[in-house]
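# Residue-level structure breakdown
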Amino acid sequence: MAVIHRTTLQPTKLELLAAWLPTREWYDAAVATPEKAGGFRLDDPAGEVGIEFMVVGDAGRPHAAPHLVPMTYRAAPLDGAEDTLIGTAEHGVLGKRWIYDGTHDPVLVAELYALLAGRAAPQAQSESDTPDPTVHASLRGAAADGTVLELLRVVDGADRTDMVVRTSDAAEPVTLRLRRVLAPTAGDTPARGTVTAGWRLSDGTTARGPYVLVPENAEAR
């Protein structure tokens, strides 16, 4: 299980996101004042890569829809992923960390599929060795031992990022559609798989909705 260290990170993840978010086509503002509004973690079975799905609100626009930013934390650069680097930071215990947009990281994508297939357990965002029972995931037709064989491509859209993968348990490519702009309900193509979780609203209440959808059609747009 991943260990959550009570230490410093300089610059912080939110400081890095303040510079990175406005460069994304799915982010709808020129200036970001990010604040954490929810999320969960997954464990890397090899214990090398930190995996976090962070919901990011905007303190400067409290009524704006929150955004979903999956991130991976690595002890060394990920080969060929320079364009997906959010930034680097100095961790008080672990030293320098490279922080990536997780939709491009094969470790995150593999564990996301394992979560959908029922082989990975979602973990609390800020506590070590603590499952998060509020995160629900399912994928119709997935094999219990189904794995991602290859991340074929990543495509950003106005409100989503599609990760198209080849898996061991499907004849055709599978699209894992991450909702970048979260809403309690999301109009989309019919889904055969979902990851659903909650987030905090600016008025202190909470909402739930899909973080990830698996459309019925492998190449759904």
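This section reports on the structure supplied with the text. Computed from a predicted model, the values in this text were never measured in an experiment. (Residues numbered from 1 in each chain as written. Predicted model: local features only at pLDDT ≥ 70, side-chain atom pairs only at ≥ 80, totals over all residues. Heavy atoms only, no water.)

### Regarding the overall build of the chain
Heads up, the condition is: Each helix is a run of DSSP H or I of at least 4 residues and each strand a run of E of at least 2, with the numbering of both proceeding from the N terminus. A radius of gyration in this sense is built from C-alpha atoms; the matching globule rule multiplies 2.2 Å by the number of residues raised to 0.38. Only protein chains enter the accessibility calculation, which uses a 1.4 Å probe; a residue is then buried when its area is under 20% of its type maximum, exposed when over 50%, and partly exposed in between. Every residue pair with non-hydrogen atoms within 4.5 Å of one another is taken to be in contact. Residue-level accessible areas treat just the shown protein chains as cover; the underlying method is Shrake-Rupley with a 1.4 Å probe. The sign given to each residue is positive for Lys and Arg and negative for Asp and Glu; His and the chain ends receive no count. Throughout, a charge is located at the NZ atom of Lys, the CZ atom of Arg, the CG atom of Asp or the CD atom of Glu.
Regarding its fold elements, the chain presents 2 helices and 12 strands. Reading the chain from its N terminus to its C terminus gives the helix and strand order β-α-β-β-β-β-β-α-β-β-β-β-β-β. Radius of gyration (C-alpha) of the chain: 16 Å, near the 17 Å computed for a compact globule of 221 residues. Expressed along its principal axes, the backbone C-alpha trace of the chain runs to roughly 45 × 35 × 35 Å. Within the chain, the proportion of its 221 residues that are buried is 47%. Put simply, 57% of the contacts in the chain that link residues at least 6 apart link residues at least 24 apart. Accessible area of the chain: about 10200 Å², with a carbon and sulfur share of 53%. In the chain, which carries 21 positive and 30 negative side-chain charges, the distance between the mean positions of the two groups comes to 2 Å.

### Some details on the packing of aromatic side chains
To be explicit about the condition: Stacked, edge-to-face and tilted labels apply to pairs of Phe, Tyr and Trp rings (six-membered ring for Trp) whose centres lie within 6.5 Å, assigned for plane angles under 30 degrees, over 60, and everything in between, in that order.
Per the counting criterion, the structure on display carries 4 aromatic pairs. Ring geometry for Trp199 versus Tyr211: centroids 6.3 Å apart, planes at 40°, classification tilted. Separated by 12 residues along the polypeptide, Trp199 in strand E11 (residues 191-200) and Tyr211 in strand E12 (residues 206-215) bring together distant segments of the chain. As far as the burial class goes, Trp199 and Tyr211 line up, both buried. Among the aromatic side chains, those forming a connected cluster through ring pairs are Phe40, Phe53, Trp199 and Tyr211.

### Some thoughts on the pairing of strand E2 (residues 34-42)
What counts, and what does not: Between any two strands, at least two bridges found by DSSP are needed for them to pair.
The buried fraction of E2 is high, at 7 of 9 residues. Across 8 bridges, E2 lies against strand E3 (residues 50-58) in antiparallel orientation. Counterpart to Gly39 in the pairing with E3 is Met54.

### Structural notes on the sheet that holds strand E10 (residues 174-179)
Our working rule: Simply put, an axis is a line fit to the C-alpha atoms, just over the touching stretch for a helix, and the angle between two N-to-C directions goes from 0 to 180 degrees.
Reading across from one edge, E7-E11-E12-E10-E9-E8 is the order of the 6 strands in this open sheet, with antiparallel pairing throughout. Looking along the sheet, the strands with just one partner apiece sit at the ends: strand E7 (136-139) and strand E8 (148-156). In this sheet, adjacent strand axes meet at a mean angle of 20° when their direction is disregarded.

### A short note on the nonpolar core
To keep things clear, this is the line we draw: The set of buried Ala, Val, Leu, Ile, Met, Phe, Trp, Tyr and Cys residues whose side-chain atoms join them within 4.5 Å is what this entry labels a nonpolar core.
Among the nonpolar cores identified, the biggest contains 32 residues, and Phe40, Phe53, Leu112, Leu176, Val195 and Tyr211 are the most heavily contacted of them. Within the residue set of this core, elements represented by two or more residues are E2, E3, helix H2 (106-117), strand E9 (160-167), E10, E11 and E12. By residue number, the principal contributor to this core is H2, which donates 7 residues. If sequence neighbours within four positions are ignored, Phe53 has contacts with Gly38, Gly39, Phe40, Leu42, Leu68, Val69, Pro70, Leu108, Leu112, Gln125 and Leu178.

### Observations regarding the environment of Ala89
As for its position among the elements, Ala89 is in strand E5 (residues 85-91). The residues contacting Ala89, other than those within four sequence positions of it, are Leu9, Gln10, Pro11, Leu16, Gly95, Lys96, Arg97 and Ile99.

### Re the sheet that holds E5
Spatially, 6 strands are ordered E1-E5-E6-E4-E3-E2 in an open sheet, and the strand pairing comes out antiparallel. Sheet topology places strand E1 (9-10) and E2 at the edges, where each strand pairs with a single neighbour. Both strand E4 (residues 67-74) and strand E6 (residues 95-101) contribute to a ladder of 4 bridges, which runs antiparallel. Of the residues in E6, the one forming a bridge with Arg74 is Trp98. Of the strands in this sheet, E1, E2, E3, E4, E5 and E6 are in contact with helix H1 (residues 13-20), which crosses E5 at around 155°. The strands that H2 touches are E2, E3 and E4; relative to E3, the one it contacts most, it runs at about 85°.

### Looking at H1
Convention followed: The arc refers to the directions leading from the helix axis to the C-beta atoms.
If you check which residues of H1 are buried, you get Leu16, Leu17 and Trp20. All buried residues of H1 lie within an arc of 100° about the axis, which places them on one face of the element.

### Description of the side chain of Arg97
Stated precisely, the cut-off is as follows: Salt bridge, as used here: a side-chain nitrogen of Lys or Arg that lies within 4 Å of a carboxyl oxygen of Asp or Glu.
One can find Arg97 in strand E6. Of the side chains with opposite charge, Glu48 comes closest to the buried, unpaired Arg97, at an N-O distance of 7.0 Å. Beyond its immediate sequence surroundings of up to four residues, Arg97 is in contact with Glu48, Tyr73, Arg74, Ala75, Gly87, Thr88, Ala89 and His91.

### Thoughts on the layout of surface pockets
Selection criterion: Buriedness for pockets is judged along seven lines, at least five of which must meet protein on both sides within 12 Å for an open set on the 1 Å grid over protein atoms alone, while cavities are sets there where a 1.4 Å probe fits but cannot get out, and lining residues have an atom within 4 Å of a point. Grid points are joined across faces, edges and corners, and a volume is the space filled by probe spheres set on the points. Polarity classes work like this: nonpolar for Ala, Val, Leu, Ile, Met, Phe, Trp, Tyr, Cys and Pro, charged for Asp, Glu, Lys and Arg, and polar for all others, with Gly in that last group.
The volume enclosed by the second largest pocket comes to roughly 220 Å³. Taken together, the residues that form the lining of the second largest pocket break down as 6 nonpolar, 3 polar and 5 charged.

### What about the pairing of E4?
Burial analysis of E4 places 8 of its 8 residues in the buried class, which makes it a mostly covered element. Side chains His67, Val69, Met71 and Tyr73 project from E4 onto one buried face, and the interleaved Leu68, Pro70, Thr72 and Arg74 project onto a second face that is buried too.

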